[in-house]
Amino acid sequence: MACCTIQAVDYHGRPQSNSGTDPIEVAFTEPRGHLVPTDILDIGNGCYEVSMITPFSGLHKLSVKILNRPIRGSPFSVHVKPTQKRIWSLKEGSDGRGLIQPFAVAFGPYPVRPSEASSNATQNDCSITRDFIYVLDTGNSRLLVLNPADGSLHTTVTGEPLSGQAATGMVWSPQGLWIVNWRAKQLFLLDPATEQVLSSVSSPLFKEPTSIARCPLTSRLFIADNGAGCVFVCDPETCSVDVFIGTNTTSVYADSDASTPTRHSTLIRTEASSHLPQPKVCKLITGLCVADSGELILSTGTCIRVSFIFRKFFNMHTCMKEYDSVLP
């Protein structure tokens, strides 16, 4: 994905500080002359962030107009490099078994013994952190922990959270890895360093939980359950589970902050009649995540749906709009 920022100016060339007052048109053309979808984000201070994703390499053209007139220098030439070569790849574990249905990947640190750390570590260190890549190898009921530099296998984790070839969702947290086991209808907090289950969450609301995401703003967990046709929200401190969106829910909206960025996208196919995904859509979720900006992103087959979320009085609310974007 490529990004650029447009600064709007007034008649005298001075930067504008108002937002949403300039009718900006952006066209990104690939080498064959076809338009590529673009996304314009109004930052709110007279600046607009333009993002573009193209499956093609080569010379592209970026045309920017304000009030139907090209800005200075438009159209711009953008050279897109070919896909980069992979650094490493993983095909099998230390036991020679190949990957079978690897469902999820996570990244983050966990404590390791001082003897495994570099020689320059002090003797007083009782917990030294390193970053690892975690691969949920569902078909083999195991978790592979890899060194990100070269892809070498650090360790293999097994246990109850990974049993039954049913662990289909995983997300990293500072406390450990939250893993969803759809057959057990439970969430498990696993310490990959000790293979110990630190906590577990079950609920009669769970029917077929498959995916999980963690909000970086509130640390709450969001669980997609295709069987129930819902996205649930879980407080990991109290282990309480509630319906967030889906069947038999009503929309709850927080007041929109004037400083909240507004998004305009050429990828928008339709704007839903409801501000929240419909129950049928919640039965088709293949993945979800929460961005640092507070956007809950749901992947539903060939579409991506984005619902804006932010924190108000320590509660989660949905805000304003959902965007339904067709993937190329």
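Residues numbered from 1 in each chain as written. Predicted model: local features only at pLDDT ≥ 70, side-chain atom pairs only at ≥ 80, totals over all residues. Heavy atoms only, no water.

A. Seen up close, the overall build of the protein chain. The helix and strand tally for the protein chain stands at zero helices and 26 strands. Of all 328 residues assigned to the protein chain, the portion counted as buried reaches 40%. Considering only intrachain contacts with a sequence separation of at least 6, the fraction spanning at least 24 residues in the protein chain is 49%. Roughly 18200 Å² of accessible area belongs to the protein chain as shown, and the carbon and sulfur atoms make up 53% of that amount. (Helix = DSSP H or I, 4+ residues; strand = E, 2+ residues; numbered from the N terminus. Buried < 20%, exposed > 50% of the residue type's maximum accessible area, 1.4 Å probe, protein only. Contact = heavy atoms within 4.5 Å. Areas by Shrake-Rupley, 256 points an atom, 1.4 Å probe, with all protein chains shown as cover.)

B. Quick look at the environment of Leu205. Relative to the helices and strands, Leu205 is located in the loop between β16 (196–202) and β17 (209–214). Dropping the residues within four chain positions of it, Leu205 is found in contact with Asp225, Ala228, Phe232 and Val241.

C. Local environment of the sheet that holds strand β18 (residues 221–225). Spatial strand order, β17-β18-β19-β20: four strands in an open sheet with antiparallel pairing. The open sheet has two edge strands with one neighbour each: β17 and β20 (240–246). Taken pair by pair, the neighbouring strands of this sheet meet at an average axis angle of 25°, ignoring direction. (Pairing = 2+ DSSP bridges. Axes fitted to C-alpha atoms, helices over the stretch in contact; angles between N-to-C directions.)

D. Structural context of unusual backbone geometry. Residue Pro75 follows Ser74 across a cis peptide bond; omega there is 5°. Here Pro75 is to be found in the loop between β7 (69–70) and β8 (76–80). Non-glycine residue Ser141 carries a positive phi angle of around 50°. Among the structural elements, Ser141 can be located in the loop between β10 (128–137) and β11 (142–146). At Glu195, a residue that is not glycine, the phi angle is positive and equals roughly 60°. Turning to its location among the elements, Glu195 is positioned in the loop between β15 (186–191) and β16. On the basis of relative accessibility, which here comes to 37%, the residue Glu195 falls in the partly exposed class.

Honestly, that's just the spatial picture; any functional story needs more than this.
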